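Listed below are the residues making up each chain.
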Amino acid sequence: MGRLEGKVAVITGGSSGIGLATAQQFITEGAYVFIAGRRQSELDKAVKQIGKNNNVTGVQGDVSNLADLDRLYAAVKQQKGSIDILFANAGIDEFASLGAITESHFDKIFSINVKGLLFTVQKALPLFQDGGGSIILTASAGGSKGIEGYSVYHATKAAIRSFVRTWTVELKHRKIRVNAISPGPIHTSLIDTLVQSDEQAERLKTSVMGTIPLGRMGNPDEVAKAALFLASDDSSYVTGIELFVDGGVAQV
Ligand code: NAD
């Protein structure tokens, strides 16, 4: 029997990268998964790629739009009635150094990574049952580091680490565990969109790789395994933590 047999999971940013790899692992372990993402075509592709035995539904929507979140949870309620696992994972990243930060850069990143994540969680709460559940938030190893050009993005991830502490206490009476996963550099489209050329990509990889004790970038499956641990009863006595999956980059 799978470790998530009979469980219902919602994953935002589930049509690519870490979210998609996690959806795949949750399904393999027996869960029914709703994946939410902005682009219908990417969602359709993801559903086709991971769907087996009608155990995945794609719901299009933007997490920073509260009406879209209402539609997402209305679909979950109508099809399954409740949620056991929420992986609030959707996020974006963009560079801007202090001195060159624009209002639109700030608003865009905070709106998706912080406001969107907060309402993704808050609006899910009525669907969790009395027996409890697991909420996992994607933060970042960068939230604990100082890296040039990342003031705003890393501040959003530090905010997420703070949410975990408060929500762990606020949701303890409902037996809902709340934890963060903090990936280090993981090879996904998030990294690809930061660079404009192959040369830049190589330079980024070389400069980043020198700082990682394990000497390489991670892959989305390695983060998905940590999400599976936090989603399942294997982590039944774990709440309030930040689980780093970072090749050691923020640990030394
Ligand atoms: P990704 O770009 O493949 O995945 C991000 C997903 O979020 C995409 O599917 C995207 O469509 C979705 N998304 C973005 N904005 C959205 C919105 N407004 N509404 C709904 N969906 C939205 O990259 P990834 O690396 O898999 O990123 C997943 C999470 O991991 C992000 O929160 C990111 O900040 C975090 N993270 C990634 C790395 C890394 O190195 N890749 C490191 C640390 C943290």
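Residues numbered from 1 in each chain as written. Predicted model: local features only at pLDDT ≥ 70, side-chain atom pairs only at ≥ 80, totals over all residues. Heavy atoms only, no water.

(A) Up close: the pattern of salt bridges. Evaluated as defined, the whole model comprises eight salt bridges. Ionic pairing is found between arginine 3 and glutamate 29, a salt bridge with its closest N-O pair at 3.8 Å. Note that arginine 3 is positioned in the segment before β1 (8–12) and glutamate 29 in the loop between α1 (17–28) and β2 (32–37), a separation of 26 residues in sequence. Judged by relative accessible area, glutamate 29 falls into the buried class, the value being 17%. (Salt bridge = Lys/Arg side-chain N within 4 Å of Asp/Glu carboxyl O. Helix = DSSP H or I, 4+ residues; strand = E, 2+ residues; numbered from the N terminus. Buried < 20%, exposed > 50% of the residue type's maximum accessible area, 1.4 Å probe, protein only.)

(B) Representation of the sheet that holds strand β5 (residues 133–138) within the structure. Strand order in the open sheet formed by seven strands is β3-β2-β1-β4-β5-β6-β7, and the pairing between neighbours is parallel. Each edge of the open sheet carries a strand with a single partner, namely β3 (56–60) and β7 (242–245). Adjacent strand axes in the sheet meet at a mean angle of 20° when their direction is disregarded. Summarising the sheet, β2 and β3 pair through five bridges and their orientation is parallel. Residue pairing for β3: glycine 37 is matched across the bridge by glutamine 60. Strands β5, β6 (176–183) and β7 of the sheet are contacted by helix α5 (residues 151–170), whose axis makes an angle of about 160° with β5. (Pairing = 2+ DSSP bridges. Axes fitted to C-alpha atoms, helices over the stretch in contact; angles between N-to-C directions. Contact = heavy atoms within 4.5 Å.)

(C) The arrangement of the side chain of asparagine 55 in detail. In this fold, asparagine 55 is placed in the loop between α2 (40–50) and β3. Assessed through its relative accessible area of 12%, asparagine 55 is described here as buried. Residues contacting asparagine 55, with those up to four places away along its chain left out, are Ile27, Ala31, Tyr32 and Val33.

(D) Geometry of unusual backbone geometry. A positive phi angle, close to 60°, is found at lysine 175, a residue other than glycine. Looking at the element boundaries, lysine 175 is found in the loop between α5 and β6. The class for lysine 175 is exposed, based on a relative accessible area of 58%.

(E) Representation of the packing of helix α3 (residues 66–79) against helix α4 (residues 103–124). Where α3 contacts α4, the two axes come as close as 10 Å, and the packing angle between them is 35°. Crossing of α3 over α4 shows right-handed handedness. Counting all contacts with α3, which are made through Leu66, Leu69, Asp70 and Tyr73, the residues of α4 involved are Lys115, Gly116, Phe119, Thr120, Lys123 and Ala124. A breakdown of the residues in the contact of α3 with α4 according to their chemical character gives five nonpolar, two polar and three charged. (Left-handed = near helix turned anticlockwise from the far one by under 90°. Nonpolar A, V, L, I, M, F, W, Y, C, P; charged D, E, K, R; others polar.)

(F) Molecular detail of the site of the ligand. The immediate surroundings of the ligand are formed by 28 residues, with Ile18, Asp62, Asn89, Tyr153 and Thr188 found nearest. Between the ligand and the protein, one listed contact pairs an oxygen atom with a backbone N or O atom of isoleucine 18 at 2.8 Å. One of the backbone nitrogen or oxygen atoms of glycine 184 is found 3.4 Å away from an oxygen atom of the ligand. Within the complex, the protein chains bury 96% of what would otherwise be the 820 Å² of accessible surface of the ligand. Elements supplying a minimum of two residues to the shell around the ligand: α1, α5 and α6 (189–192). A per-element tally of the shell around the ligand places α6 first, with three residues. Of the residues belonging to the shell around the ligand, the class tally is 12 nonpolar, 12 polar and four charged. (Near = heavy atom within 4 Å. Polar contact = N/O pair within 3.5 Å; in protein donor to acceptor, adjacent residues only side chain to side chain. Areas by Shrake-Rupley, 256 points an atom, 1.4 Å probe, with all protein chains shown as cover.)

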